[in-house]
Amino acid sequence: MTATEYEYLRKFLRDHSGLDLSADKQYLIESRLLPLARKGGLSGIGELVQKLQGAGASALVTSVVEAMTTNETFFFRDKVPFDHFRDTIMPEVIKARAGRRSVRIWCAAGSTGQEPYSLAMSLKEMGAALTGWRVEIIATDLSQEVLEKAKAGIYSQFEVQRGLPIQMLMKYFRQTGETWQINPELRAMIQHRQLNLLHDFAQLGTFDVIFCRNVLIYFDQDTKINIFNRLARQIEGDGFLVLGAAETVVGLTDTFKPIPERRGLYKPNDPRAAAAKPAFAGAAPRVAVMAGR
Amino acid sequence: MKTCLVVDDSSVVRKIARRILEGLEFEVTEAEDGSKALEICQRKLPDAVLLDWNMPVMDGFEFMGHMRRLPGGEEPKVVFCTTENNVAHIAQALSGGANEYIMKPFDKDIIADKFAEVGLIPVGQVMV
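**What about the confidence of the model for chain A?**
Residues and elements named next belong to chain A. Per-residue confidence for chain A gives a mean pLDDT of 88; residues scoring 70 or more make up 91%. For chain A, the element scoring lowest by mean pLDDT is helix α11 (residues 271-275), at 50; strand β7 (residues 207-212) scores highest, at 98. Taken together, the stretch residues 274-284 has pLDDT below 50 and engages in nine contacts with residues farther than four places along the chain or on a different chain.

**Some remarks on the interface of chain B and chain A**
The partner chain A presents 10 residues to the 16 residues of chain B that form the contact. Those elements that provide at least two residues to the side of chain B that touches chain A are α4 (87-95), β5 (100-103) and α5 (108-117) of chain B.

**Considering the pairing of strand β1 (residues 102-107) of chain A**
All names here are of chain A. Counting buried residues along β1, five of its six residues qualify, which places the element largely inside the surrounding structure. The parallel pair β1 and strand β2 (residues 134-141) is bridged by helix α6 (residues 114-125), and the resulting crossover is right-handed. Summarising the sheet, β1 and β7 pair through three bridges and their orientation is parallel. Across the sheet, residue isoleucine 105 finds its bridge partner in β7, namely valine 209.

**Re the nonpolar core**
Residues Ile137, Ile210, Cys212 and Leu241 of chain A together with Leu50, Val79 and Phe80 of chain B are the most contacted members of the largest nonpolar core, which totals 103 residues. Those residues in contact with phenylalanine 80 of chain B, other than ones at most four positions away along the chain, are Leu51, Trp53, Gly60, Ala93, Ala98, Tyr101 and Ile102 of chain B. Judged by nonpolar contacts, the second largest core, of 11 residues, contains Leu19, Ile29, Ala37 and Val64 of chain A.

**Looking at the packing of helix α2 (residues 34-43) of chain B against helix α3 (residues 60-68) of chain B**
Residue and element names in this part refer to chain B. For the pair α2 and α3, interaxial distance at closest approach is 9 Å and the crossing angle is 20°. Classed by the angle they form, the pair α2 and α3 counts as roughly parallel. Of the two possible hands of crossing, α2 and α3 adopt the one that is right-handed. Residue-level inspection shows Gly34, Ala37, Leu38 and Cys41 of α2 in contact with α3, the latter providing Gly60, Glu62, Phe63, His66 and Met67. Here the residues of the contact of α2 with α3 sort into five nonpolar, three polar and one charged.

**Focus on α3 of chain B**
Residues and elements named next belong to chain B. Among the residues making up α3, those that are buried are Gly60, Phe61, Phe63, Met64 and Met67. Projected down its long axis, α3 shows its buried positions confined to an angular sector of 155°, all on one face. Tucked into the core, α3 has its buried residues touching β1 (2-7), α2, β3 (48-51), β4 (77-82) and α4.

**Points about the sheet that holds strand β5 (residues 179-182) of chain A**
All names here are of chain A. Judged by pairing direction, the sheet is antiparallel, and its three strands sit side by side in the order β3-β5-β4 without closing on themselves. Lying at the two open borders of the sheet, with one neighbouring strand each, are β3 (154-156) and β4 (173-176). The mean angle between the axes of side-by-side strands here comes to 30°, regardless of whether they run parallel or antiparallel. Here β3 pairs with β5 via three bridges, running antiparallel. Within the sheet, the bridge partner assigned to isoleucine 154 lies in β5 and is glutamine 181.

**Regarding the sheet that holds strand β2 (residues 26-31) of chain B**
Residue and element names in this part refer to chain B. An order of β2-β1-β3-β4-β5 is seen for the five strands of this open sheet, with the pairing classed as parallel. The open sheet terminates on both sides in strands that have one partner only, identified here as β2 and β5. When the angles between neighbouring strand axes are averaged without regard to direction, this sheet yields 20°. Sheet analysis places β1 next to β2, joined by six bridges and oriented parallel. Of the residues in β2, the one forming a bridge with lysine 2 is phenylalanine 26.

**As for the environment of glycine 163 of chain A**
Residue placement: glycine 163 of chain A occurs in the loop between β3 and α8 (166-172). On the basis of neighbour count, glycine 163 of chain A is assigned to the buried category, with 24 C-beta atoms found within 10 Å. In this structure, glycine 163 of chain A is in contact with Phe74, Phe75, Phe76 and Arg77 of chain A together with Asp113 of chain B, ignoring residues within four places of it in sequence.

**Focus: the packing of helix α1 (residues 3-17) of chain A against helix α3 (residues 45-53) of chain A**
Residues and elements named next belong to chain A. Remark: α1 packs on α3, axes separated minimally by 10 Å, with the N-to-C direction vectors making an angle of 50°. Put simply, α1 runs oblique to α3. The interaxial crossing formed by α1 with α3 has left-handed handedness. Along its contact with α1, which presents Glu5, Tyr8, Leu9 and Phe12, the element α3 presents Ile45, Gly46, Val49 and Leu52. A per-class count over the contact of α1 with α3 returns six nonpolar, one polar and one charged.

Conventions and cut-offs
- Residues numbered from 1 in each chain as written.
- Chains lettered and ligands numbered in written order.
- Predicted model: local features only at pLDDT ≥ 70, side-chain atom pairs only at ≥ 80, totals over all residues.
- pLDDT = per-residue confidence, 0-100.
- Helix = DSSP H or I, 4+ residues; strand = E, 2+ residues; numbered from the N terminus.
- Contact = placed C-beta atoms within 7 Å.
- Buried ≥ 20, exposed ≤ 12 C-beta atoms within 10 Å, placed from the backbone.
- Right-handed = clockwise from strand over helix to strand, strands pointing away.
- Pairing = 2+ DSSP bridges.
- Core = buried A, V, L, I, M, F, W, Y, C linked by C-beta atoms within 7 Å.
- Axes fitted to C-alpha atoms, helices over the stretch in contact; angles between N-to-C directions.
- Parallel < 35°, antiparallel > 145°, perpendicular 65-115°, else oblique.
- Left-handed = near helix turned anticlockwise from the far one by under 90°.
- Nonpolar A, V, L, I, M, F, W, Y, C, P; charged D, E, K, R; others polar.
- Arc of directions from axis to C-beta.

Structural data, given as C-alpha coordinates:
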(Lines give C-alpha, C1' and ligand atoms only; values in the text may rest on other atoms or scores of the structure.)
Protein backbone atom coordinates (compact mmCIF):
# COMPACT_ATOMS: atom_id res chain seq x y z
CA MET A 1 0.00 0.00 0.00
CA THR A 2 1.44 3.38 -0.94
CA ALA A 3 1.61 6.30 1.50
CA THR A 4 -0.97 8.16 -0.60
CA GLU A 5 -3.37 5.22 -0.45
CA TYR A 6 -2.92 4.97 3.30
CA GLU A 7 -3.57 8.67 3.79
CA TYR A 8 -6.64 8.43 1.59
CA LEU A 9 -8.03 5.54 3.66
CA ARG A 10 -7.26 7.34 6.94
CA LYS A 11 -9.20 10.38 5.85
CA PHE A 12 -11.95 8.25 4.33
CA LEU A 13 -12.45 6.33 7.58
CA ARG A 14 -12.35 9.48 9.66
CA ASP A 15 -15.04 11.07 7.51
CA HIS A 16 -17.30 8.02 7.28
CA SER A 17 -17.04 6.44 10.69
CA GLY A 18 -15.03 8.71 12.96
CA LEU A 19 -12.40 5.97 13.11
CA ASP A 20 -9.11 7.74 13.81
CA LEU A 21 -6.14 5.61 12.74
CA SER A 22 -2.67 6.65 13.77
CA ALA A 23 0.08 6.90 11.15
CA ASP A 24 1.30 3.33 11.69
CA LYS A 25 -1.83 1.19 11.25
CA GLN A 26 -1.07 -0.11 7.75
CA TYR A 27 -1.13 -3.70 9.04
CA LEU A 28 -4.64 -3.21 10.42
CA ILE A 29 -5.88 -1.90 7.09
CA GLU A 30 -4.24 -4.76 5.23
CA SER A 31 -5.52 -7.46 7.57
CA ARG A 32 -9.08 -6.13 7.41
CA LEU A 33 -9.36 -4.85 3.84
CA LEU A 34 -7.30 -7.33 1.82
CA PRO A 35 -9.80 -10.17 2.40
CA LEU A 36 -12.58 -7.75 1.45
CA ALA A 37 -10.78 -6.68 -1.73
CA ARG A 38 -10.14 -10.29 -2.73
CA LYS A 39 -13.76 -11.21 -2.05
CA GLY A 40 -14.78 -8.44 -4.45
CA GLY A 41 -12.42 -9.70 -7.14
CA LEU A 42 -9.97 -6.81 -6.71
CA SER A 43 -6.20 -7.23 -6.89
CA GLY A 44 -5.40 -5.39 -3.67
CA ILE A 45 -5.67 -2.23 -1.59
CA GLY A 46 -4.69 0.00 -4.54
CA GLU A 47 -7.58 -1.14 -6.65
CA LEU A 48 -9.91 -0.92 -3.65
CA VAL A 49 -8.96 2.74 -3.16
CA GLN A 50 -9.60 3.44 -6.85
CA LYS A 51 -13.06 1.86 -6.56
CA LEU A 52 -13.84 3.93 -3.46
CA GLN A 53 -12.96 7.09 -5.35
CA GLY A 54 -15.17 6.17 -8.29
CA ALA A 55 -18.88 6.78 -8.67
CA GLY A 56 -21.50 4.43 -7.23
CA ALA A 57 -19.29 2.96 -4.53
CA SER A 58 -21.81 3.28 -1.69
CA ALA A 59 -22.10 -0.49 -1.06
CA LEU A 60 -18.32 -0.74 -1.00
CA VAL A 61 -18.10 2.26 1.35
CA THR A 62 -20.36 0.43 3.81
CA SER A 63 -18.34 -2.79 3.54
CA VAL A 64 -15.05 -1.00 4.13
CA VAL A 65 -16.37 0.87 7.16
CA GLU A 66 -17.83 -2.35 8.58
CA ALA A 67 -14.64 -4.32 8.02
CA MET A 68 -12.56 -1.66 9.77
CA THR A 69 -14.81 -1.06 12.76
CA THR A 70 -15.66 -4.63 13.71
CA ASN A 71 -13.80 -5.59 16.83
CA GLU A 72 -12.70 -8.78 18.40
CA THR A 73 -15.22 -9.80 20.97
CA PHE A 74 -15.92 -12.74 23.18
CA PHE A 75 -18.14 -13.75 26.06
CA PHE A 76 -17.49 -12.03 29.40
CA ARG A 77 -14.60 -10.16 27.79
CA ASP A 78 -12.14 -8.93 30.47
CA LYS A 79 -14.37 -10.57 33.15
CA VAL A 80 -13.93 -7.66 35.63
CA PRO A 81 -16.71 -5.45 34.14
CA PHE A 82 -19.12 -8.36 34.49
CA ASP A 83 -18.06 -8.87 38.10
CA HIS A 84 -18.78 -5.16 38.63
CA PHE A 85 -22.13 -5.62 36.90
CA ARG A 86 -23.09 -8.47 39.25
CA ASP A 87 -21.54 -7.21 42.49
CA THR A 88 -21.82 -3.40 42.27
CA ILE A 89 -24.14 -2.21 39.51
CA MET A 90 -27.09 -4.58 39.76
CA PRO A 91 -27.35 -4.65 43.58
CA GLU A 92 -27.59 -0.84 43.49
CA VAL A 93 -30.06 -0.84 40.60
CA ILE A 94 -32.23 -3.46 42.30
CA LYS A 95 -32.38 -1.27 45.39
CA ALA A 96 -32.93 2.01 43.54
CA ARG A 97 -35.56 0.63 41.16
CA ALA A 98 -37.42 -1.55 43.66
CA GLY A 99 -40.49 0.64 43.13
CA ARG A 100 -40.86 0.39 39.38
CA ARG A 101 -39.03 -2.94 39.05
CA SER A 102 -37.54 -2.29 35.65
CA VAL A 103 -34.06 -1.86 34.30
CA ARG A 104 -32.84 -0.56 30.94
CA ILE A 105 -29.36 -1.47 29.69
CA TRP A 106 -27.61 -0.29 26.54
CA CYS A 107 -24.69 -2.07 24.90
CA ALA A 108 -23.40 0.72 22.70
CA ALA A 109 -20.96 -1.51 20.82
CA GLY A 110 -22.87 -4.75 20.94
CA SER A 111 -20.95 -6.24 18.02
CA THR A 112 -21.73 -9.91 17.35
CA GLY A 113 -23.74 -10.23 20.55
CA GLN A 114 -21.31 -11.72 23.04
CA GLU A 115 -21.50 -8.70 25.35
CA PRO A 116 -25.30 -8.31 25.49
CA TYR A 117 -25.72 -12.08 25.85
CA SER A 118 -23.14 -12.13 28.63
CA LEU A 119 -25.22 -9.48 30.42
CA ALA A 120 -28.39 -11.48 29.78
CA MET A 121 -26.77 -14.59 31.28
CA SER A 122 -25.55 -12.58 34.30
CA LEU A 123 -29.10 -11.33 34.85
CA LYS A 124 -30.48 -14.87 34.58
CA GLU A 125 -27.94 -16.03 37.14
CA MET A 126 -29.33 -13.45 39.59
CA GLY A 127 -32.49 -15.55 39.64
CA ALA A 128 -35.10 -14.66 42.22
CA ALA A 129 -33.71 -11.15 42.86
CA LEU A 130 -35.13 -10.11 39.46
CA THR A 131 -38.27 -12.22 39.27
CA GLY A 132 -41.09 -10.11 37.84
CA TRP A 133 -38.76 -7.32 36.71
CA ARG A 134 -38.97 -5.76 33.26
CA VAL A 135 -35.55 -6.11 31.72
CA GLU A 136 -34.63 -4.32 28.53
CA ILE A 137 -31.25 -4.72 26.85
CA ILE A 138 -30.65 -2.66 23.73
CA ALA A 139 -27.63 -3.71 21.69
CA THR A 140 -26.50 -1.35 18.98
CA ASP A 141 -23.74 -1.56 16.42
CA LEU A 142 -22.65 0.29 13.34
CA SER A 143 -22.54 -2.84 11.23
CA GLN A 144 -25.71 -4.46 9.90
CA GLU A 145 -23.83 -7.68 9.15
CA VAL A 146 -22.65 -7.93 12.74
CA LEU A 147 -26.17 -7.23 14.04
CA GLU A 148 -27.59 -10.09 11.99
CA LYS A 149 -25.14 -12.46 13.61
CA ALA A 150 -25.98 -11.08 17.05
CA LYS A 151 -29.70 -11.54 16.41
CA ALA A 152 -29.26 -15.17 15.33
CA GLY A 153 -27.15 -15.88 18.40
CA ILE A 154 -25.32 -18.70 16.62
CA TYR A 155 -21.66 -19.20 17.45
CA SER A 156 -18.91 -21.53 16.33
CA GLN A 157 -17.32 -24.04 18.66
CA PHE A 158 -14.30 -21.76 18.75
CA GLU A 159 -16.35 -18.71 19.76
CA VAL A 160 -18.22 -20.42 22.60
CA GLN A 161 -14.91 -21.43 24.14
CA ARG A 162 -13.69 -17.85 24.52
CA GLY A 163 -14.61 -16.52 27.94
CA LEU A 164 -17.70 -18.65 28.42
CA PRO A 165 -17.62 -21.06 31.38
CA ILE A 166 -18.63 -24.57 30.32
CA GLN A 167 -21.55 -24.62 32.79
CA MET A 168 -23.00 -21.52 31.10
CA LEU A 169 -22.61 -23.13 27.68
CA MET A 170 -24.54 -26.16 28.91
CA LYS A 171 -27.21 -24.06 30.56
CA TYR A 172 -27.89 -21.34 28.01
CA PHE A 173 -27.03 -22.80 24.58
CA ARG A 174 -28.38 -25.51 22.34
CA GLN A 175 -26.01 -27.47 20.16
CA THR A 176 -26.86 -27.83 16.49
CA GLY A 177 -24.18 -29.74 14.63
CA GLU A 178 -20.92 -27.84 14.91
CA THR A 179 -22.52 -24.64 16.13
CA TRP A 180 -24.17 -23.47 19.33
CA GLN A 181 -27.21 -21.21 19.54
CA ILE A 182 -28.16 -19.17 22.56
CA ASN A 183 -31.59 -20.05 24.01
CA PRO A 184 -34.70 -18.20 22.72
CA GLU A 185 -35.44 -16.95 26.24
CA LEU A 186 -32.15 -15.04 26.30
CA ARG A 187 -32.48 -13.88 22.70
CA ALA A 188 -35.87 -12.40 23.62
CA MET A 189 -34.22 -10.21 26.26
CA ILE A 190 -32.29 -8.24 23.67
CA GLN A 191 -33.33 -5.72 21.08
CA HIS A 192 -30.79 -5.19 18.27
CA ARG A 193 -30.57 -1.89 16.44
CA GLN A 194 -28.21 -0.36 13.94
CA LEU A 195 -26.66 2.83 15.22
CA ASN A 196 -23.70 5.04 14.44
CA LEU A 197 -22.48 6.70 17.64
CA LEU A 198 -21.58 9.77 15.60
CA HIS A 199 -25.28 10.32 14.94
CA ASP A 200 -28.01 11.38 17.31
CA PHE A 201 -29.09 8.61 19.67
CA ALA A 202 -31.50 10.52 21.90
CA GLN A 203 -34.38 8.42 20.55
CA LEU A 204 -33.06 5.39 22.46
CA GLY A 205 -34.26 6.95 25.70
CA THR A 206 -32.71 6.88 29.14
CA PHE A 207 -30.75 3.98 30.60
CA ASP A 208 -29.78 2.71 34.02
CA VAL A 209 -26.61 1.12 32.67
CA ILE A 210 -24.57 1.85 29.54
CA PHE A 211 -21.80 -0.48 28.39
CA CYS A 212 -19.64 1.40 25.89
CA ARG A 213 -16.48 -0.62 25.76
CA ASN A 214 -13.59 -0.64 23.33
CA VAL A 215 -15.24 1.54 20.73
CA LEU A 216 -14.31 5.10 21.77
CA ILE A 217 -10.62 4.22 21.49
CA TYR A 218 -11.02 4.49 17.74
CA PHE A 219 -12.31 8.06 17.83
CA ASP A 220 -10.37 11.30 18.02
CA GLN A 221 -10.51 13.42 21.14
CA ASP A 222 -13.23 15.88 20.05
CA THR A 223 -15.47 13.03 18.91
CA LYS A 224 -14.94 11.23 22.22
CA ILE A 225 -15.89 14.33 24.19
CA ASN A 226 -18.95 14.83 22.03
CA ILE A 227 -20.07 11.23 22.54
CA PHE A 228 -19.48 11.35 26.31
CA ASN A 229 -21.57 14.50 26.57
CA ARG A 230 -24.40 12.92 24.61
CA LEU A 231 -24.14 9.65 26.60
CA ALA A 232 -24.54 11.73 29.76
CA ARG A 233 -27.96 12.84 28.51
CA GLN A 234 -29.11 9.23 28.05
CA ILE A 235 -28.16 7.97 31.49
CA GLU A 236 -30.17 8.13 34.71
CA GLY A 237 -28.69 10.40 37.39
CA ASP A 238 -27.84 7.34 39.48
CA GLY A 239 -26.92 5.16 36.49
CA PHE A 240 -23.64 3.55 35.51
CA LEU A 241 -21.34 3.90 32.52
CA VAL A 242 -18.92 1.06 31.80
CA LEU A 243 -15.88 1.70 29.61
CA GLY A 244 -13.15 -0.60 28.30
CA ALA A 245 -10.01 -1.30 30.28
CA ALA A 246 -7.92 1.11 28.22
CA GLU A 247 -10.49 3.92 28.21
CA THR A 248 -11.29 6.79 30.54
CA VAL A 249 -13.24 10.04 30.77
CA VAL A 250 -10.50 11.65 32.83
CA GLY A 251 -9.09 14.70 31.09
CA LEU A 252 -11.85 14.64 28.47
CA THR A 253 -15.11 15.53 30.19
CA ASP A 254 -16.50 16.18 33.64
CA THR A 255 -19.92 14.78 32.78
CA PHE A 256 -18.83 11.44 34.30
CA LYS A 257 -16.66 10.61 37.28
CA PRO A 258 -14.77 7.38 37.97
CA ILE A 259 -15.97 5.19 40.82
CA PRO A 260 -13.02 4.58 43.15
CA GLU A 261 -11.74 0.98 43.31
CA ARG A 262 -13.96 -0.02 40.37
CA ARG A 263 -11.87 0.18 37.26
CA GLY A 264 -13.84 1.07 34.14
CA LEU A 265 -16.94 2.13 36.09
CA TYR A 266 -18.29 5.70 35.98
CA LYS A 267 -21.24 7.66 37.30
CA PRO A 268 -22.80 10.83 35.88
CA ASN A 269 -21.41 13.85 37.65
CA ASP A 270 -24.50 15.98 38.00
CA PRO A 271 -27.49 13.92 39.10
CA ARG A 272 -29.72 17.01 39.25
CA ALA A 273 -29.38 17.71 35.55
CA ALA A 274 -30.17 14.11 34.70
CA ALA A 275 -33.11 13.92 37.11
CA ALA A 276 -34.72 16.95 35.44
CA LYS A 277 -35.24 15.02 32.21
CA PRO A 278 -38.67 13.61 31.51
CA ALA A 279 -39.00 9.87 31.90
CA PHE A 280 -38.78 8.08 28.60
CA ALA A 281 -41.34 5.65 27.30
CA GLY A 282 -39.78 3.72 24.44
CA ALA A 283 -41.49 3.12 21.11
CA ALA A 284 -42.79 -0.43 21.52
CA PRO A 285 -39.63 -1.68 23.20
CA ARG A 286 -39.05 -5.37 23.49
CA VAL A 287 -39.34 -6.03 27.19
CA ALA A 288 -38.60 -9.34 28.78
CA VAL A 289 -40.28 -10.02 32.08
CA MET A 290 -38.00 -12.23 34.07
CA ALA A 291 -39.62 -15.51 34.94
CA GLY A 292 -38.96 -17.22 38.22
CA ARG A 293 -36.88 -20.34 38.27
CA MET B 1 5.48 -22.71 39.93
CA LYS B 2 2.19 -24.53 39.36
CA THR B 3 2.26 -27.99 37.84
CA CYS B 4 0.14 -29.38 35.03
CA LEU B 5 -0.12 -32.98 33.91
CA VAL B 6 -0.93 -33.30 30.20
CA VAL B 7 -2.62 -36.61 29.39
CA ASP B 8 -3.06 -37.38 25.69
CA ASP B 9 -2.11 -40.34 23.50
CA SER B 10 -0.97 -38.00 20.71
CA SER B 11 2.61 -36.84 21.17
CA VAL B 12 1.88 -33.90 18.85
CA VAL B 13 -0.98 -32.68 21.05
CA ARG B 14 1.17 -33.11 24.17
CA LYS B 15 3.93 -31.06 22.57
CA ILE B 16 1.58 -28.21 21.56
CA ALA B 17 -0.07 -28.22 24.98
CA ARG B 18 3.32 -28.23 26.71
CA ARG B 19 4.46 -25.18 24.77
CA ILE B 20 1.27 -23.27 25.60
CA LEU B 21 1.31 -24.25 29.28
CA GLU B 22 4.99 -23.41 29.72
CA GLY B 23 4.14 -20.00 28.26
CA LEU B 24 1.60 -19.72 31.08
CA GLU B 25 4.38 -20.59 33.54
CA PHE B 26 3.37 -24.14 34.35
CA GLU B 27 5.79 -26.95 35.06
CA VAL B 28 4.54 -29.66 32.70
CA THR B 29 4.62 -33.45 32.95
CA GLU B 30 3.17 -35.77 30.31
CA ALA B 31 1.41 -39.10 30.22
CA GLU B 32 0.20 -41.04 27.17
CA ASP B 33 -2.76 -42.76 28.79
CA GLY B 34 -4.89 -42.72 31.94
CA SER B 35 -3.02 -45.55 33.60
CA LYS B 36 0.38 -43.83 33.32
CA ALA B 37 -1.24 -40.57 34.46
CA LEU B 38 -2.62 -42.31 37.54
CA GLU B 39 0.84 -43.63 38.45
CA ILE B 40 2.17 -40.07 38.31
CA CYS B 41 -0.71 -38.79 40.45
CA GLN B 42 -0.16 -41.55 43.05
CA ARG B 43 3.37 -40.20 43.52
CA LYS B 44 2.43 -36.51 43.51
CA LEU B 45 -0.75 -34.72 42.53
CA PRO B 46 -0.43 -31.81 40.06
CA ASP B 47 -2.30 -28.52 40.36
CA ALA B 48 -3.97 -29.09 36.99
CA VAL B 49 -4.70 -31.92 34.59
CA LEU B 50 -5.31 -31.30 30.88
CA LEU B 51 -7.11 -34.50 29.97
CA ASP B 52 -7.95 -36.25 26.71
CA TRP B 53 -10.93 -38.61 26.72
CA ASN B 54 -10.22 -41.46 24.30
CA MET B 55 -6.92 -43.19 25.00
CA PRO B 56 -5.70 -46.80 25.05
CA VAL B 57 -5.33 -48.78 28.32
CA MET B 58 -7.37 -46.34 30.46
CA ASP B 59 -9.48 -43.48 29.12
CA GLY B 60 -9.61 -40.00 30.60
CA PHE B 61 -12.98 -40.36 32.27
CA GLU B 62 -11.95 -43.53 34.13
CA PHE B 63 -8.65 -41.91 35.13
CA MET B 64 -10.48 -38.91 36.60
CA GLY B 65 -12.66 -41.22 38.75
CA HIS B 66 -9.57 -42.98 40.18
CA MET B 67 -7.67 -39.73 40.70
CA ARG B 68 -10.56 -38.04 42.51
CA ARG B 69 -10.60 -40.91 45.03
CA LEU B 70 -6.89 -40.50 45.91
CA PRO B 71 -6.11 -38.66 49.16
CA GLY B 72 -6.27 -34.98 48.19
CA GLY B 73 -7.56 -36.06 44.76
CA GLU B 74 -10.40 -33.55 44.83
CA GLU B 75 -7.87 -30.68 44.68
CA PRO B 76 -6.44 -30.73 41.13
CA LYS B 77 -8.38 -28.77 38.51
CA VAL B 78 -9.33 -31.13 35.71
CA VAL B 79 -9.79 -29.59 32.28
CA PHE B 80 -10.94 -32.05 29.64
CA CYS B 81 -9.50 -31.49 26.18
CA THR B 82 -11.10 -33.80 23.66
CA THR B 83 -12.72 -34.17 20.26
CA GLU B 84 -15.86 -35.42 22.05
CA ASN B 85 -17.86 -32.24 21.55
CA ASN B 86 -21.44 -33.22 22.32
CA VAL B 87 -23.65 -32.24 25.22
CA ALA B 88 -23.85 -35.82 26.56
CA HIS B 89 -20.09 -36.14 26.96
CA ILE B 90 -19.74 -32.67 28.48
CA ALA B 91 -22.50 -33.38 31.00
CA GLN B 92 -20.93 -36.73 31.89
CA ALA B 93 -17.52 -35.11 32.43
CA LEU B 94 -18.91 -32.33 34.64
CA SER B 95 -20.97 -34.71 36.79
CA GLY B 96 -17.89 -36.94 37.07
CA GLY B 97 -15.86 -34.11 38.61
CA ALA B 98 -14.33 -32.15 35.72
CA ASN B 99 -13.86 -28.41 36.30
CA GLU B 100 -13.76 -27.24 32.68
CA TYR B 101 -14.04 -28.67 29.20
CA ILE B 102 -12.24 -27.85 25.97
CA MET B 103 -13.49 -29.11 22.63
CA LYS B 104 -10.65 -29.76 20.20
CA PRO B 105 -9.24 -28.13 18.20
CA PHE B 106 -7.89 -25.69 20.79
CA ASP B 107 -5.41 -22.83 20.77
CA LYS B 108 -3.51 -20.84 23.39
CA ASP B 109 -6.37 -18.36 23.88
CA ILE B 110 -8.84 -21.11 24.70
CA ILE B 111 -6.44 -22.79 27.14
CA ALA B 112 -5.69 -19.46 28.81
CA ASP B 113 -9.42 -18.59 29.06
CA LYS B 114 -10.37 -21.97 30.52
CA PHE B 115 -7.46 -22.03 32.97
CA ALA B 116 -8.37 -18.50 34.10
CA GLU B 117 -11.98 -19.62 34.49
CA VAL B 118 -11.04 -22.24 37.11
CA GLY B 119 -8.58 -19.93 38.86
CA LEU B 120 -5.35 -21.57 37.67
CA ILE B 121 -4.04 -18.34 36.20
CA PRO B 122 -5.02 -14.69 36.76
CA VAL B 123 -7.63 -13.27 34.39
CA GLY B 124 -6.11 -11.56 31.37
CA GLN B 125 -2.61 -12.95 31.80
CA VAL B 126 -0.55 -11.92 28.82
CA MET B 127 0.85 -14.71 26.71
CA VAL B 128 4.59 -14.59 26.03
